[in-house]
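A closer look at the structure
Listed here are the chains, written in short residue letters.
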Amino acid sequence: MTATFGWLRKQLAGIVALVLILGLFLVARLPSVSAAEQDQLASKFHFTPMTIALPAAKKSQSIRTVNKEYEHIAAWISSVGAAIAINDISGSGKANDLCLVDPRSDQVVITPAPDSGPRYAPFALDPAPALPTWDYMAPMGCVPGDYNEDGRTDVLAYYWGRSPVLFLQKANATKFDASAFQPTELVPGNHRGPDGKYNGPLWNTDSVTIGDFDGDGHVDVFVGNYFPDSKVLDPNADGGITLNQSMSHATNSGAKYIFRWTGATSGANPSATFVDASQGIPESARLGWTLASSATDVNGDNLPELYIANDFGHDHFLYNKSTPGHIELAEVTGVRGIADPKSKVLGHDSFKGMGVDFGDLNHDGLYDLFVSNITTSWGIEESNFQFMNEAKDNADLTKQFKDGVAPFHDDSAEKGTAWSGWGWDVKIQDFNNSGENQIAQATGFVKGQINRWPNLQEIATAHDGLLSNPFWWPNARAGDDIGGDQTLHFFVKSPDGRYTDLAPKLGLAVPVPTRGIAVGDTDGDGLPEFAVARQWEEPIFYHNDSPDPGKYLQLKLTTDAPVAPGPLPAAGNPAIGAQVTVTTSDGKKYLGRVDGSSGEAGRRSFDIQIGLGQNVSGPLDVHLQWRDRTGQLRTQDLKLQPGCHMYQLGSTAKEEM
């Protein structure tokens with residue numbers, strides 16, 4: 001008996017390997033959705049592409065200037081910057097405005113959604129001359145929000161080569177154009193040098209998300225930087241830069257910050273003040289090459305957890321333990337099962353975290369999450385993550401969080417969502433109100449004529465000691481191609497629970513690298529549209545014409561903060577982080593939240609949109625949960641008919657007619 005046990009111990013590694021091989025074999029043999037079934041699923045969707053109007057550009061480019069040490073990888077350095085958001089910025093009452101970043105012109109653009117008509121002329125937001133700039137900075141994204149709490153939607157723009165800028169709407173503006181916005185520094189201090197140019201921190205920011213992290217009733221800002229502070233885009237600089245020190249656990253990156261809201265003013269010269277509360281981020285999560293993030297209340301206490309998706313190494317899931325005025329986040333990680341590769345365990349992954357979004361994928365009333373990675377066959381084939389929440393309920397989830405455990409398991413292989421391409425932004429949304437969420441994902445890297453995948457594979461397998469020096473990286477210049485013909489993906493759940501990509505069937509599989517996906521009901525018909533930011537190509541808007549959609553519940557939730565009076569209409573102060581749970585007669589649960597900006601380079605609107613399917617009848621059991629302006633947790637149960645409802649949240653929820 002002892003000899004047998006000893007033999008088994010010696011063979012354990014081989015046995016585990018055989019189990020993994022058998023598991024992968026069985027996964028590979030899982031039945032796929034037939035062409036007829038795909039046609040049936042696709043018949044429930046229809047999207048009409050529309051052109052997005054853009055303002056005149058001051059410049060036109062297809063690749064950026066870069067530090068001299070980056071010249072031979074200029075295309076790689078130029079592979080981000082296309083970003084897009086849908087929201088009600090103009091105060092029209094609908095989420096029919098777009099904020100986009102066009103890397104071809106390096107402009108932050110506000111423009112009407114194409115299906116809303118030419119309501120105003122598209123315009124660009126520029127920090128200058130009110131704030132200092134310099135020649136070698138570029139915007140990377142924009143995040144709508146009411147940062148000074150006056151009921152008017154502002155925009156936060158973040159950059160490479162500069163700290164972020166708040167563009168605050170002026171209450172006395174008489175025309176909706178660039179002059180209606182006051183540029184304001186997010187990071188306190190005077191950043192103007194003796195020469196009048198920008199002389200502040202040289203952040204290279206690739207991700208921003210917002211949420212009330214400390215639960216005081218006011219929205220705070222998370223900033224995730226990619227490169228360390230350095231002159232990445234300055235062609236006159238020669239050195240002073242670095243690349244990742246590892247492909248799987250690099251931490252020589254830019255820093256992570258949280259800025260806590262402390263005060264604001266409105267009127268002709270609006271302001272918003274924030275203080276650095278980054279000490280609330282655990283030391284283990286303060287570094288990492290961040291590309292995406294999400295602030296979402298996962299365990300139902302209306303304190304948002306923070307997910308940080310990092311390129312070249314571990315992502316971080318941070319449990320929120322904060323109290324008003326004091327931000328405290330703690331890292332939680334998944335537990336590895338006997339058949340789980342370490343790289344697919346939450347918080348221990350070694351993949352390239354590129355995008356993240358939360359959504360309930362199985363109607364158990366708990367948030368699951370999807371993380372984009374690089375998954376290109378014969379290129380770099382990692383795996384996307386479809387992390388399913390295995391907690392019993394929110395109480396069990398909170399208990400496990402307190403023990404340092406994140407009870408999520410990656411089911412992407414079994415569900416058919418593991419492999420797609422060089423993944424970027426992702427959005428979990430029910431686009432035809434079927435009662436089941438779909439998963440839209442952007443993919444693709446650099447478009448050109450010369451295939452550089454073999455060269456990239458070489459550096460991916462190189463010794464970590466070489467990686468941080470750009471000299472050792474293979475060429476990635478203008479004309480080189482890495483995943484340039486990859487397309488948007490649109491995963492739809494089939495009756496057996498597996499997902500199939502219907503983008504080719506729906507005309508969405510355009511072979512152009514995509515970056516950001518913005519979602520919102522722009523025309524008020526209860527069907528969410530979406531817009532896509534494409535790298536070095538025109539952005540595209542998809543109007544939703546899905547035939548025979550299901551019923552829905554759409555909630556527009558604002559706080560009871562007063563709206564600053566002025567000539568232009570205002571959208572109201574969004575109740576960022578407010579949660580909604582709908583329970584139907586068959587016991588299914590549907591979750592929604594006022595999302596602060598989950599994702600990589602795309603932002604959904606502040607409207608909560610829940611698809612309910614064809615067979616649901618009202619009234620619906622709706623549970624609301626939010627924090628009021630004093631930070632007190634509030635709840636209210638409602639009976640609502642399907643359709644659109646507007647509520648103002650204070651000490652109670654009051655319906656607006």
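Given the structure is predicted, the values throughout are model-derived calculations rather than measurements.

1. A word on the sheet that holds strand β18 (residues 355–359)
- The 4 strands lie next to each other as β18-β19-β20-β21, forming an open sheet whose pairing is antiparallel. The sheet terminates laterally at β18 and β21 (408–410), the two strands that pair on one side only. Within this sheet the neighbouring strands show an average axis-to-axis angle of 20°, counted without direction.
- Relative to β21, strand β20 (residues 385–389) is paired through 3 bridges, and the arrangement is antiparallel. Considered in β21, the bridge of F387 is made with D410.

2. Some details on the sheet that holds strand β17 (residues 329–332)
- Spatial ordering of the open sheet is given by β14-β15-β16-β17, a layout of 4 strands whose pairing is antiparallel. Lying at the two open borders of the sheet, with one neighbouring strand each, are β14 (289–296) and β17. Across this sheet, the average inter-strand angle for adjacent strands is 25°, counted without regard to direction.
- Bridge analysis of β14 against strand β15 (residues 305–311) gives 7 bridges, and the strand direction is antiparallel. Bridge assignment links T296 to a residue of β15, and that residue is E305.
- Against the sheet, helix α4 (residues 394–402) engages β15, β16 (316–320) and β17, with an angle of about 110° to β16.

3. Some details on the packing of aromatic side chains
- All told, the structure shown has 35 aromatic pairs when counted by the stated rule.
- Pairing F123 with F176 gives two aromatic rings, centres 5.5 Å apart and planes at 80°, and the pair type is edge-to-face. Here F123, found in strand β5 (residues 123–125), pairs with F176, found in the loop between β8 (165–169) and β9 (181–185); they are 53 residues apart in sequence, far enough to count as distant.
- Accessibility expressed as a relative area gives 7% for F123, which makes it buried.
- By the ring-pair criterion, three or more aromatic residues cluster together here, those being Y70, W76, W160, Y226, F227, W289, F312 and W473.

Reading the values: rules and limits
- Residues numbered from 1 in each chain as written.
- Predicted model: local features only at pLDDT ≥ 70, side-chain atom pairs only at ≥ 80, totals over all residues.
- Heavy atoms only, no water.
- Pairing = 2+ DSSP bridges.
- Helix = DSSP H or I, 4+ residues; strand = E, 2+ residues; numbered from the N terminus.
- Axes fitted to C-alpha atoms, helices over the stretch in contact; angles between N-to-C directions.
- Contact = heavy atoms within 4.5 Å.
- Phe/Tyr/Trp six-rings, centres within 6.5 Å; stacked < 30°, edge-to-face > 60°.
- Buried < 20%, exposed > 50% of the residue type's maximum accessible area, 1.4 Å probe, protein only.

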